[in-house]
Amino acid sequence: MKDGKFLFLCGLIGICVLAYKSCKRNDETTGKRNAMFNEEPPSPSSEADTSTIEKEYDDTKNHVTNSVKNRHEAAAKTIEESLNTIFKENDDETSENDNSEIMNKTNNKLDDLLK
């Protein structure tokens, strides 16, 4: 019975120490967070900075717009080529004739095997 009480007390003391350290760390973190939010905001940008930012924004916007346009044009070209390949009538007729000849030969050979 004494061993059980001893282990219980050791566990309770350990839990108290961990809770104390956790609260202390939380207080330090809260203090740092409050100090960070209580700092003065940076001073407003000057006109030169604003024009530089606007120029960078316009450059980035133009670059992205051109990039998207080029990718869409390339995709449209690829799709058009694929559709032309799929729906091209001349090739379909020739392949259909070739396929029908092969099918007729195969049918004849199978008929010969069944006789």
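Residues numbered from 1 in each chain as written. Predicted model: local features only at pLDDT ≥ 70, side-chain atom pairs only at ≥ 80, totals over all residues. Heavy atoms only, no water.

**Brief notes about the overall build of the protein**
The helix and strand tally for the protein stands at three helices and zero strands. Accessible surface, the protein as shown: approximately 11300 Å² in total, 58% of it carbon and sulfur. (Helix = DSSP H or I, 4+ residues; strand = E, 2+ residues; numbered from the N terminus. Areas by Shrake-Rupley, 256 points an atom, 1.4 Å probe, with all protein chains shown as cover.)

**Regarding the pattern of salt bridges**
In total, this model carries one salt bridge according to the counting rule given. In this structure, Lys-55 and Asp-59 form a salt bridge, with 3.5 Å as the shortest nitrogen-oxygen distance. Taken as a pair, Lys-55 and Asp-59 lie in helix H2 (residues 47–87) at a separation of four residues, close to a single helical turn. Here Lys-55 falls in the exposed class, since its relative accessible area comes to 54%. (Salt bridge = Lys/Arg side-chain N within 4 Å of Asp/Glu carboxyl O. Buried < 20%, exposed > 50% of the residue type's maximum accessible area, 1.4 Å probe, protein only.)

**Here's the deal with the confidence of the model for the protein**
Residues at a pLDDT of 70 or more form 74% of the protein, whose mean pLDDT is 78. The element-level mean pLDDT for the protein is lowest in helix H3 (residues 89–114), coming to 72, with H2 highest at 87. (pLDDT = per-residue confidence, 0-100.)

**Looking at a nonpolar patch on the surface**
A grouping of Ile-79, Leu-83, Ile-86 and Phe-87 is seen on the molecular surface, where their side chains present a nonpolar patch of about 430 Å² in accessible area. Structurally, the position occupied by Leu-83 is in helix H2. Given the relative accessible area of 42%, Leu-83 is considered partly exposed. (Patch = residues over 30% accessible without salt bridge, like charges linked within 9 Å, V, L, I, M, F, W, Y side chains within 5 Å.)

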